[in-house]
Amino acid sequence: MNFATFRRVVSTFVDNPKNISWDRGTLLMQASGNEIMVTYRQQGENLIVSEHGKDSDALTWIARRLARLDVLSEQLIATLPQVTTYIPPSGAFSDHLERATKEGLIPCDDAKSTLSNCLLEKIPGVCEVYYLTSDAGDGKSTLINQMALERAQHYRRAEASSLIVPVPLGGRPFLSFGDIISATLLNQYRFQNLYFDSFMEFVKLGLIIPALDGFEEVFVEGRHDEAISALGQLLSALRDDGESTGQVVIAARQAYFDFKSFSTQAKLWDSLPDSVLTFAQVRLDRWSKMHCIKYFKLSGLLDAENLYNAFAERLGTEQHPLLTRPVLVRQLVMIIMKSDAPFSVVNAIQPGTANYFYKFVNTIVEREAQDKWISKSGPAPNPPLLTVEQHHELLGHVANEMWTSKTTSLPADILDVIAESYSETVGLPVQVSRQIKERLKQHALIVTESGYKKTYRFDHEEFYHFFLGHSLGDVLVKRDQSGVLRIIRLDVLPPVACQITISIALQSCNDVREIADFIRALSDLEGPSSYVKENATLLLLELADGRTDIRPDFSNYFFNAELLRERRLQNCTFVNCIFLELDLESSRLSDCVFRRCVIERLLLSREILNGLVFDVDCVVRAVVCASTSDEPVFAPILIREHVKQAGIDWHGGLTAEINQSNEADPDIGLFTRLLRGFLRTTQMNENVILQRLGVHAPAIIATMIPKLQDAGIVEEVQWQGHGVQHRYRLSASMEDIQSALEECQGSFERFLQISKVKMPRIQ
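Each residue is numbered by its place in its chain's sequence as written, counting from 1. Reporting in this predicted model follows two pLDDT cut-offs: at least 70 for local features of residues, and 80 or more for side-chain atom pairs to be given and counted; totals over whole chains, interfaces and linings ignore these cut-offs and use all residues. For side-chain calculations, the full set of non-hydrogen atoms in the structure is used, while hydrogens and water are omitted.

(A) Broad picture of the overall build of the protein. Of the regular secondary structure elements, the protein holds 29 helices and 34 strands. Three exposure classes are used, based on accessible area relative to the maximum for each residue type with a 1.4 Å probe and protein chains only: buried under 20%, partly exposed in between, and exposed over 50%. For the protein, the proportion of its 763 residues judged to be buried stands at 54%. Any two residues having at least one pair of non-hydrogen atoms within 4.5 Å are treated as being in contact. Of all intrachain contacts in the protein linking residues separated by at least 6 positions in sequence, the fraction that spans at least 24 positions is 61%. Per-residue accessibility takes into account occlusion by the displayed protein chains alone, with areas from the Shrake-Rupley method and a 1.4 Å probe. Of the roughly 33100 Å² that the protein leaves accessible, carbon and sulfur atoms contribute 48%. Helix numbers and strand numbers start at the N terminus; a helix is a DSSP run of H or I with at least 4 residues, a strand a run of E with at least 2.

(B) Quick peek at the sheet that holds strand S9 (residues 163-168). Pairing within the open sheet is mixed, and its seven strands lie in the order S7-S6-S14-S8-S13-S10-S9. Looking at the sheet topology across the chains shown, the edges are occupied by strand S7 (106-108) and S9. Between one strand axis and the next, the sheet turns by 25° as a mean value, whatever way the strands run. Strand pairing follows a simple DSSP-based rule, namely that at least 2 bridges must link the two strands. Here strand S10 (residues 208-213) runs beside strand S13 (residues 247-252); their pairing, made up of three bridges, is parallel. In this analysis an axis means a line fitted to C-alpha atoms, helices contributing only their contacting stretch, and an angle means the value between N-to-C directions, from 0 to 180 degrees.

(C) Fine view of the packing of helix H15 (residues 356-372) against helix H19 (residues 461-477). Two numbers describe how H15 lies on H19: the axes approach to 12 Å, and their chain directions differ by 95°. Put simply, H15 runs roughly perpendicular to H19. The residues of H19 that touch H15, namely those facing Phe357, Tyr358, Val361 and Val365, are Glu462, Phe463, Phe466, Phe467 and His470. To sort the angles, those under 35 degrees are grouped as roughly parallel, those over 145 as roughly antiparallel, those from 65 to 115 as roughly perpendicular, and the leftovers as oblique.

(D) Region of interest: the nonpolar core. If you look at the biggest cluster of nonpolar residues, it comprises 125 residues, and the most contacted ones within it are Phe458, Phe559, Phe574, Phe579, Phe594, Leu602 and Phe614. With residues up to four places along the chain from it excluded, the contact list for phenylalanine 574 reads Phe554, Phe559, Leu569, Phe579, Cys592, Val593, Phe594, Arg595 and Cys597. Residues belong to a common nonpolar core when they are buried Ala, Val, Leu, Ile, Met, Phe, Trp, Tyr or Cys residues joined through side-chain atoms within 4.5 Å. Among the nonpolar cores identified, the runner-up in size contains 77 residues, and Leu76, Leu149, Val167 and Leu277 belong to it.

(E) Summary view of the packing of helix H25 (residues 666-680) against helix H28 (residues 734-743). Running from N to C, H25 and H28 cross one another at 165°; their axes reach a closest spacing of 13 Å. Taken together, the axes of H25 and H28 are roughly antiparallel relative to one another. For the element pair H25 and H28, the recorded crossing hand is left-handed. Judged by residue contacts, Ile668, Phe671, Thr672, Leu675 and Leu679 of H25 engage Met734, Ile737 and Leu741 from H28. Each crossing gets its handedness from the near helix: less than a right angle anticlockwise from the far helix is left-handed, clockwise is right-handed.

(F) Local environment of the side chain of threonine 363. Mapped onto the secondary structure, threonine 363 falls in helix H15. The class for threonine 363 is buried, based on a relative accessible area of 9%. With near-sequence residues (within four places) excluded, threonine 363 lies in contact with Ile335, Ala348 and Ile349.

(G) Representation of the pairing of strand S3 (residues 34-43) within the structure. As judged from the six bridges shared by strand S2 (residues 26-31) and S3, these two strands associate in the antiparallel manner. Looking across to S3, one finds that methionine 29 is bridged to isoleucine 36. Between S2 and S3, which pair antiparallel in sequence order, lie two residues; one of them, serine 32, sits at a positive phi of approximately 55°. Two elements, S3 and strand S4 (residues 46-51), share five bridges in a ladder whose sense is antiparallel. Each residue of the ladder has a partner; that of glutamine 43, found in S4, is asparagine 46. In textbook terms, the turn of a hairpin is the stretch between consecutive antiparallel strands, and for S3 and S4 this stretch comprises two residues, one of which, glycine 44, has a positive phi near 65°.

(H) Spatial organisation of helix H17 (residues 412-426). Its 15 residues give H17 an end-to-end C-alpha distance of 21 Å, which sits within 8% of 21 Å, the value for a rise of 1.5 Å per residue. Residues of H17 that are buried make contact with helix H16 (388-405), strand S15 (410-411), helix H18 (430-440) and strand S17 (455-458). To estimate the expected span of a helix, subtract one from its residue number and multiply by 1.5 Å.

(I) Here's a closer look at the sheet that holds strand S23 (residues 582-583). Reading across from one edge, S23-S27-S30 is the order of the three strands in this open sheet, with parallel pairing throughout. A strand with exactly one partner marks an edge of an open sheet, and here the two such strands are S23 and strand S30 (623-625). Pairing of strand S27 (residues 602-604) with S30 involves three bridges; the strand directions are parallel. Each bridged residue has a counterpart across the sheet, and for leucine 604 the counterpart in S30 is cysteine 625.

(J) Fine view of unusual backbone geometry. Unlike most non-glycine residues, arginine 479 shows phi in positive territory, near 55°. Mapped onto the elements of the fold, arginine 479 is located in the loop between H19 and helix H20 (481-488). For arginine 479, a relative accessible area of 24% corresponds to the partly exposed category. In this model, asparagine 576 sits at a positive phi of 55°, which is unusual for a non-glycine residue.

(K) Structural detail: the packing of aromatic side chains. Pairing of aromatic side chains here covers Phe, Tyr and the six-membered ring of Trp, requires ring centres within 6.5 Å, and sorts the geometry by plane angle: under 30 degrees stacked, over 60 edge-to-face, intermediate tilted. Under the definition given, this model contains 28 aromatic pairs. Where phenylalanine 594 meets phenylalanine 614, the ring centres are 5.2 Å apart and the plane angle is 80°; that geometry is what we call edge-to-face. Taken together, the positions of phenylalanine 594 in strand S25 (residues 593-595) and phenylalanine 614 in strand S28 (residues 613-614) put the pair 20 residues apart, joining distant regions of the chain. Phenylalanine 614 carries the same exposure label as phenylalanine 594, and that label is buried. Here phenylalanine 671 and phenylalanine 751 contribute two aromatic rings whose centre-to-centre distance is 4.9 Å and whose plane-to-plane angle is 45°, an arrangement assigned as tilted. Of this pair, phenylalanine 671 sits in helix H25 while phenylalanine 751 sits in helix H29 (residues 748-758); the two residues are 80 residues apart in sequence, bridging distant segments of the chain. Residue phenylalanine 671 is classed as buried on the basis of its relative accessible area, which comes to 1%. Members of the aromatic cluster, each reached through a chain of ring pairs, are Phe554, Tyr557, Phe559, Phe574, Phe579, Phe594, Phe614 and Trp650. When the NZ atom of lysine or the CZ atom of arginine is within 6 Å of a ring's centre and also within 35 degrees of its normal, the charge is said to sit over that ring. Between arginine 640 and the ring centre of tryptophan 650, over which it is positioned, the NZ or CZ distance is 3.8 Å.

Spatial relationships are all this shows, so hold off on functional conclusions.
The following block contains the structure:
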């Protein structure tokens with residue numbers, strides 16, 4: 001550590017900028033209310049700090065004396081849950097481009113060890129971002145906590161020089177990252193020695209690795225731009241003397257580089273023009289039979305393999321979510337452990353995958369109502385305090401309060417108010433109301449959240465979303481317009497909430513069209529950009545999924561890449577809609593009509609599609625054919641040809657002004673492959689280009705890159721490694737590049753001409 005860095009880092013710890021003095025090798029400062037006086041001197045390449053006659057290097061002194069990372073490690077060990085039944089998941093790994101030996105994801109048996117080892121191999125001069133991705137409930141949070149706990153234990157034994165600090169974001173985009181960090185350190189870990197500026201300096205120095213947990217919105221192709229800009233500001237801040245540094249782990253359900261549309265990656269990339277970053281991904285797999293049986297054994301269940309086989313036979317498949325999703329397996333084990341006869345639980349679990357989550361949660365609630373919530377007052381036999389349906393209603397009130405308060409946890413006094421209010425609403429006596437207040441905090445689906453003030457939350461976010469959907473379904477069944485609007489005006493509903501809402505509504509109403517008309521009427525009350533309009537569309541999509549007895553119309557709406565994925569829709573009409581990505585390979589659309597719609601990217605299926613109609617005013621910006629390649633086609637004639645070959649009826653002829661051949665420009669395909677490399681790392685060396693593009697690389701380096709430099713798209717930056725090599729970065733914004741690709745009609749030369757005229761260069 002040089003003196004300039006030492007001075008900058010130390011200055012972030014002072015209580016007041018005036019309370020620090022640097023005088024001829026002596027440092028006098030006040031930090032955390034304590035006066036500190038030390039001397040410092042340069043000894044060779046090291047800066048030595050002496051306090052009370054004891055010498056240590058500057059970095060160690062800052063970490064131990066000022067930041068007290070040893071104390072933080074103890075707090076992490078004391079706070080993070082000790083999971084004795086933890087099963088390391090398998091997964092797949094895509095390394096940084098600088099280190100990658102193969103394209104794509106490489107299978108790994110232990111995803112936790114893979115990620116932990118990668119964090120020990122720091123690339124100098126680069127800020128490394130690791131995406132930890134999986135579906136909800138597959139163990140991302142548990143893996144982060146286990147990894148952080150192990151690193152803290154190694155730090156305690158002086159076997160590690162850095163700490164991993166989990167930062168739970170609760171799935172919400174953060175507006176002030178400093179507030180999130182400060183609150184996490186103080187409230188969750190009860191640690192007061194690091195200010196936010198100090199925390200960021202330690203990330204730059206490699207002493208702290210923040211693990212942002214629950215940052216889904218960054219990777220969803222929606223309109224949460226504030227989340228992306230906040231992440232961009234965080235990563236841009238990790239610069240030290242003009243050089244990017246540090247490591248960050250981001251846990252979310254979908255990594256942004258998995259999307260094939262450049263427009264989504266552009267939002268994040270364009271916020272990082274001056275940073276040198278590289279991205280890697282660890283994706284978690286669902287549990288296998290081996291994982292589930294091992295968890296049964298660690299939980300103390302006897303005859304684990306036969307028990308697993310009995311569940312698999314009952315459910316009809318070993319791939320059922322109850323046996324492959326860790327969060328559900330854990331709840332299943334809890335049910336078994338509370339039962340006198342474990343194999344009797346097999347018959348209580350409903351077979352099949354349709355609506356399995358509702359049936360599973362209902363099983364937990366039934367056991368709670370019948371075995372736990374028993375009245376203590378009155379003569380024996382004592383009746384249950386609440387019926388199963390009343391349990392659902394009460395937990396729905398809890399979820400509704402969380403949704404309204406925009407939080408995932410509630411203090412004890414709020415839970416008491418909810419219990420009292422519900423008891424009064426259904427007319428329960430005072431002695432029963434008191435017992436409900438007591439039992440609610442001990443519910444099988446409610447857990448305590450540690451922190452400065454004890455709060456309570458659902459055991460998993462999907463249970464929270466389940467009961468939010470139940471609450472919305474109850475008011476939807478009653479056609480309570482104000483009650484429905486109160487929920488759907490606040491934010492975009494989670495998928496699980498939409499599924500349960502429609503499930504509840506269909507249980508109580510046989511007329512599906514009546515439900516659809518009520519939802520559509522609510523949508524008509526609001527403008528196209530409101531949460532009401534967006535949530536109404538989500539509910540209508542859920543209602544229409546797999547049904548043929550309604551014909552929903554969707555007008556003036558924006559569809560992100562996730563909304564239609566794996567949907568089965570028939571007889572739907574889309575008017576004046578914008579589709580960020582229409583994936584016809586993973587969704588099943590039949591007899592659907594698109595009028596005056598704009599489709600930014602169309603993914604065509606390998607199969608011939610029947611009954612889909614595009615009118616003459618539909619605009620398709622790009623097409624990807626699964627049967628040919630993953631590279632997009634931008635030429636209008638080729639787009640129309642691919643669409644018609646897929647079996648889609650596109651009315652109207654080609655416009656007269658389009659005049660080009662039916663052959664794709666190969667340079668456009670090569671450029672998009674080169675561009676994807678820049679989405680994984682903001683700067684690329686020649687050797688990386690040679691590795692990624694193979695036989696085409698020499699021509700790209702010799703011919704294409706000079707043209708891109710002349711057009712202001714690519715520029716050369718200084719190479720700081722060994723030997724002689726060229727290094728490049730994009731000098732135009734990704735959004736402008738995407739716009740030019742759409743406008744060039746598939747011609748690389750025209751793309752260059754548009755770029756020369758329109759693209760402002762990144763400074």
